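# Survey of secondary and tertiary structure
Single-letter residue listing:
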Amino acid sequence: MVVEKTLRIGEKLGNYRGLAVGHGQSARIHMESGRYDEADTRYDLALAAARQAGDKKLEGSLLQHQGGLADERNQLDRATRLYQQALQRFQEAGDAGSMMRTYNLLGVAEQKAGRLAEARAWYVKSRELAVQLQDQPSLGAAAQ
């Protein structure tokens, strides 16, 4: 498979960022194909590579996507943990837009789990950041 060869070459060259992106893309393909266990494994590989690269934003993005996979599998407590880890990486990277979206995802996961007070608290945080960033679409999402 071409993807596997490309990933092996990237690993040999020490291109950890490229390796993380490649594994992340592969995870997404597996997820869209309903191969959730394979997707989860790929996200783990992608995260390890992102950590090697020292890229906090990429690591946060991958954690957010893996949280989406857990949410899709109705593993809501795990999704919440992954989203919180993503939030921490985005905070470390100073990425307010990604923080805002992650707050909203946390609200969705908590709402699905029936923890409405927690969901509301996350939505409020998302809305506050959306106001600061003057992000109208995210204001609408937080309001819903």
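The structure under discussion appears in the preceding block.
This section reports on the structure supplied with the text. Model, not experiment: these values are computed from the prediction.

## Thoughts on the overall build of the chain
Within the chain, the regular secondary structure consists of 8 helices and 0 strands. Going through the 144 residues of the chain one by one, you find that 43% of them count as buried. Surface accessibility of the chain: about 8,100 Å² in total, with carbon and sulfur atoms responsible for 49%.

## Examining the packing of aromatic side chains
All chains considered together, the criterion is met by 1 aromatic pair. Between Tyr-103 and Trp-122 the ring centres are 5.8 Å apart and the planes differ by 25°, which places this aromatic pair in the stacked class. Of this pair, Tyr-103 sits in helix 6 (residues 96–112) while Trp-122 sits in helix 7 (residues 116–133), and the two are 19 residues apart along the sequence. On the basis of relative accessible area, Tyr-103 is assigned to the buried category, the value being 9%.

## Focus on the packing of helix 4 (residues 56–72) against helix 5 (residues 76–93)
Contact geometry of helix 4 with helix 5 gives a least axis separation of 8 Å together with a crossing angle of 165°. Relative to helix 5, the element helix 4 lies roughly antiparallel. At the point where helix 4 passes helix 5, the crossing takes the left-handed sense. Residues Lys-56, Lys-57, Glu-59, Gly-60, Ser-61, Leu-63, Gln-64, Gln-66, Gly-67, Gly-68, Ala-70 and Asp-71 of helix 4 touch helix 5, and the partners they reach there are Leu-76, Arg-78, Ala-79, Leu-82, Tyr-83, Gln-85, Ala-86, Arg-89, Phe-90, Glu-92 and Ala-93. A breakdown of the residues in the contact of helix 4 with helix 5 according to their chemical character gives 9 nonpolar, 7 polar and 7 charged.

The rules behind the values
For every chain, the first residue of its written sequence is number 1, and the numbers climb from 1 along that sequence. In keeping with the model being predicted, local features are shown solely for residues with a pLDDT of at least 70 and side-chain atom pairs are shown and tallied solely at 80 or more, while totals for entire chains, interfaces and linings include all residues. In computing side-chain properties, one takes all heavy atoms of the structure into account and sets aside hydrogens as well as water. By the criteria applied, helices consist of DSSP H or I runs no shorter than four residues and strands consist of E runs no shorter than two, each listed in order from the N terminus. The buried label applies to any residue whose accessible area, calculated with a 1.4 Å probe on protein chains only, is under 20% of its type's maximum; exposed applies above 50%, and partly exposed to all values in between. Methods summary: accessible areas were calculated by the Shrake-Rupley approach with a probe of 1.4 Å, and residue burial reflects only the protein chains presented. Two rings belonging to Phe, Tyr or Trp (six-membered ring only in the last case) form a pair when the distance between their centres is within 6.5 Å. Interplanar angles under 30 degrees mark stacking, angles over 60 mark edge-to-face geometry, and anything in between is tilted. Between N-to-C directions, angles span 0 to 180 degrees; the directions come from axes that are lines fitted to C-alpha atoms, helices contributing only their stretch in contact. When an angle is under 35 degrees it counts as roughly parallel; over 145 it counts as roughly antiparallel; between 65 and 115 it counts as roughly perpendicular; any other value is oblique. Crossing handedness follows the turn of the near helix against the far one: under a right angle anticlockwise gives a left-handed crossing, and clockwise gives a right-handed one. Here, residues are in contact when the closest pair of their heavy atoms is within 4.5 Å. Polar here means any residue outside two lists: the nonpolar Ala, Val, Leu, Ile, Met, Phe, Trp, Tyr, Cys and Pro, and the charged Asp, Glu, Lys and Arg; Gly therefore counts as polar.

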